[in-house]
Amino acid sequence: MMAPPATALGFELRVLAEGEDVSAVAAVATAPVGDYKDLDTLLEFAKGVDVLTFDHEHVPTDHLHALLDAGVNVQPGPESLVNAQDKLVMRAAIDRLGLPNPEWAAVNTVEELVAFGDKIGWPVVLKTPRGGYDGKGVRIVDSPEDAADTASWFQAMSPLLAEAKVDFSRELSALVARTPSGEARAWPVVHTIQVDGVCDEVIAPAQNISVEVAAAAEDAALRIATELGVTGVMAAELFETPGVGAGFLINELAMRPHNTGHWTQDGSITSQFEQHLRAVLDLPLGATDALAPVAVMKNFLGGENQDLFAAFPLALAFEPAAKVHCYGKSVRPGRKIGHVNLLGTTASDVDSVRSRATAVANTIRDGRVPSESSEENA
Ligand SMILES: Nc1ncnc2c1ncn2[C@@H]1O[C@H](COP(=O)(O)OP(=O)(O)O)[C@@H](O)[C@H]1O
Ligand SMILES: [Mg+2]
């Protein structure tokens, strides 16, 4: 998704691909296959590039330091990126900045987890600090008895992150971009709807959000980006807690274009993908104004149907204003394979925009007009 703006701006984008079959291979001219966990592969790949950046957070922090030592321009740098790689490091950084964290602790054993839950109240949320995504690595622990079941988690990784289970009204995302020179811009704060720990839908901007909370959330994201030296796009995932504390708590950080920013491809003057390239290259940032009073992004995940083109005629005819983005991935159940963006002409359109975007997404996913029951499950 960074390839179209790179082409428009005349930049050559090279991708270190995990395999021949990853989506980016089809999108860019130069995409050698290699293991991002292998330092020699990274050093070879980075030869001659102006800047090295990421579309996921899993490149080992030590390798990034080694790339820096070898003179590679790594953006964001390892000291910043570690806050998106390691949720324990991130929680400590948010505390240091005095920004709103849920109650949390590093826990090494089931006993420590039980002590944490007994102290702050059950249920609690247990997380692997590194390597998780899409809710993998997140588990709600209801009681001390339930905690006994988590022993294997501690065998796999320790310490783990324990957090209070936040009673939020909705999840929000504050998306910003920052350049190495320090220019920073924010997009409007959005409402993100997660299903089973996976982003399902985004409504931009978050409807009926209090002006104070929206401003404070945006400020918090800009401050995090500045104080942690973040470059490129950063998403701060938030829990909205009306009337409690600042009105929001910080969930986690992502330092790359993020699913909660996909709406910007069609809903903002500058998309997060273009902005990320401008930011890591230390170029002036683009305007982040929304192009419509409301934009909806609806993801579609792989289902039974393998042929995503089967219902294109139906889906595209149903809603000519919808913008469809398919990732060219092989279809596997539960895998993110595309999204639909749709703009509304007035904020009061939001329900209709949501249902039309959902109808397009589900029609493509299912290869036919979705039945009533599958729409309910969407
Ligand atoms: N402390 C918490 N309280 C309540 N829900 C939570 C908490 N932490 C995570 N969740 C839920 O789980 C989802 C995934 O957690 P997150 O830490 O963002 O993991 P991932 O790295 O997989 O995105 C969140 O979007 C939210 O819906
Ligand atoms: Mg998350």
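Residues numbered from 1 in each chain as written. Chains lettered and ligands numbered in written order. Predicted model: local features only at pLDDT ≥ 70, side-chain atom pairs only at ≥ 80, totals over all residues.

Trainee: Explain unusual backbone geometry here, please?
Mentor: At the junction of Gln75 and Pro76, the peptide bond is cis and its omega measures out at -5 degrees in the coordinates. Mapping Pro76 onto the fold places it in the loop between α4 (61-69) and α5 (78-85). Cis geometry marks the peptide bond from Ser158 to Pro159, where omega comes out at 0 degrees. Within the secondary structure, Pro159 is located in the loop between α9 (151-156) and β4 (160-164). Positioned with a positive phi, Asp134 is a non-glycine residue whose angle comes to about 50 degrees. One non-glycine residue, Asp282, adopts positive backbone phi at about 60 degrees. With respect to the helices and strands, the residue Asp282 is situated in the loop between α12 (272-280) and β11 (294-301). Here Asp282 falls in the partly exposed class, since 16 other C-beta atoms lie within 10 Å of it. (Helix = DSSP H or I, 4+ residues; strand = E, 2+ residues; numbered from the N terminus. Buried ≥ 20, exposed ≤ 12 C-beta atoms within 10 Å, placed from the backbone.)

Trainee: What am I meant to see in the domain arrangement of the protein chain here?
Mentor: Many authors give the size of an interface as the accessible area that is lost as the parts come together. Splitting the protein chain by domain gives domain 1 (3-84), domain 2 (103-164) and domain 3 (170-377). Relative to domain 3, the C-alpha centre of domain 1 lies at a distance of 24 Å. Contacts between domain 1 and domain 3 engage 22 residues on the former and 21 residues on the latter. When residues of the side of domain 1 that touches domain 3 are traced back to their parent elements, those giving at least two are α1 (3-9), α2 (23-27) and α5. (Domains from an automatic or database assignment. Contact = placed C-beta atoms within 7 Å.)

Trainee: Can you help me understand the confidence of the model for the protein chain in this one?
Mentor: Do not read the predicted coordinates in detail wherever pLDDT is low. Mean pLDDT over the protein chain: 95, with 98% of residues reaching 70 or higher. Note that residues 374-378 has pLDDT below 50 and, in this model, six contacts with residues that lie over four places away or in other chains. (pLDDT = per-residue confidence, 0-100.)

Trainee: Please clarify how the site of ligand 1 should be interpreted in this entry.
Mentor: In the vicinity of ligand 1 lie 18 residues, with Val125, Val138, Glu163, Val166 and Gln194 positioned nearest. Along the lines of polarity and charge, the residues of the shell around ligand 1 split into five nonpolar, six polar and seven charged. Counting contributing residues per domain, the shell around ligand 1 is built from domain 2 (103-164) and domain 3 (170-377), each supplying no fewer than three. (Near = placed C-beta within 6 Å. Nonpolar A, V, L, I, M, F, W, Y, C, P; charged D, E, K, R; others polar.)

Trainee: I would appreciate a short explanation of the UniProt feature "binding site: ATP" (unreviewed entry) in the protein chain in the present structure.
Mentor: When the UniProt feature table is mapped onto this chain, "binding site: ATP" (unreviewed entry) is found at Lys87, Lys127, Glu163, Ala164, Lys165, Val166, Glu171, Asn251 and Glu252. One can find Ala164 in strand β4. You can call Ala164 partly exposed: it has 19 C-beta atoms within 10 Å. Setting aside its immediate chain neighbours within four residues, Ala164 contacts Pro102, Glu103, Ile120 and Val124. With respect to the helices and strands, the residue Glu171 is situated in strand β5 (residues 170-178). You can call Glu171 buried: it has 21 C-beta atoms within 10 Å. Setting aside its immediate chain neighbours within four residues, Glu171 contacts Thr192, Gln194, Glu237, Leu238 and Phe239. (UniProt positions renumbered as here; feature names shortened; annotations may be inferred.)

Trainee: Teacher, can you tell me more about α12 here?
Mentor: One turn of an α-helix holds 3.6 residues; hence residues three or four places apart share an orientation. α12 sits mainly inside the fold: nine of its nine residues count as buried. For α12, the complete set of buried residues consists of Gln272, Phe273, Glu274, Gln275, His276, Leu277, Arg278, Ala279 and Val280. Packed against the buried residues of α12 are α1, β5, β9 (232-240) and α11 (264-267). Positive backbone phi, at 60 degrees, marks Asp282, one or two positions downstream of α12.

Trainee: What is the right way to look at the packing of helix α3 (residues 39-46) against α4 in this model?
Mentor: Axes are the key here: two packed helices are described by the angle between their axes and the distance separating the axes. The geometry of α3 relative to α4 is characterised by a closest axis approach of 10 Å and an angle of 40 degrees between their N-to-C directions. It follows from the interaxial angle that α3 and α4 lie oblique. Our pair here, α3 against α4, has a crossing hand that is right-handed. In this structure, α3 contributes Leu39, Leu42, Leu43 and Ala46 to the contact, and α4 contributes His63, Ala66 and Leu67. Broken down by class, the residue content of the contact of α3 with α4 amounts to six nonpolar, one polar and no charged. (Axes fitted to C-alpha atoms, helices over the stretch in contact; angles between N-to-C directions. Parallel < 35°, antiparallel > 145°, perpendicular 65-115°, else oblique. Left-handed = near helix turned anticlockwise from the far one by under 90°.)

Trainee: Would you mind showing me how to read the nonpolar core here?
Mentor: Side chains of nonpolar character tend, in soluble globular proteins, to be buried together. Core analysis: the biggest nonpolar cluster contains 75 residues, and Ala174, Val176, Ala221, Ile224, Met234 and Ala236 have the highest contact counts within it. Sequence-distant contacts of Ala174, defined by excluding residues within four places in its chain, comprise Ala186, Val189, Ala217, Glu218, Ala220, Ala221, Ala236 and Leu238. (Core = buried A, V, L, I, M, F, W, Y, C linked by C-beta atoms within 7 Å.)

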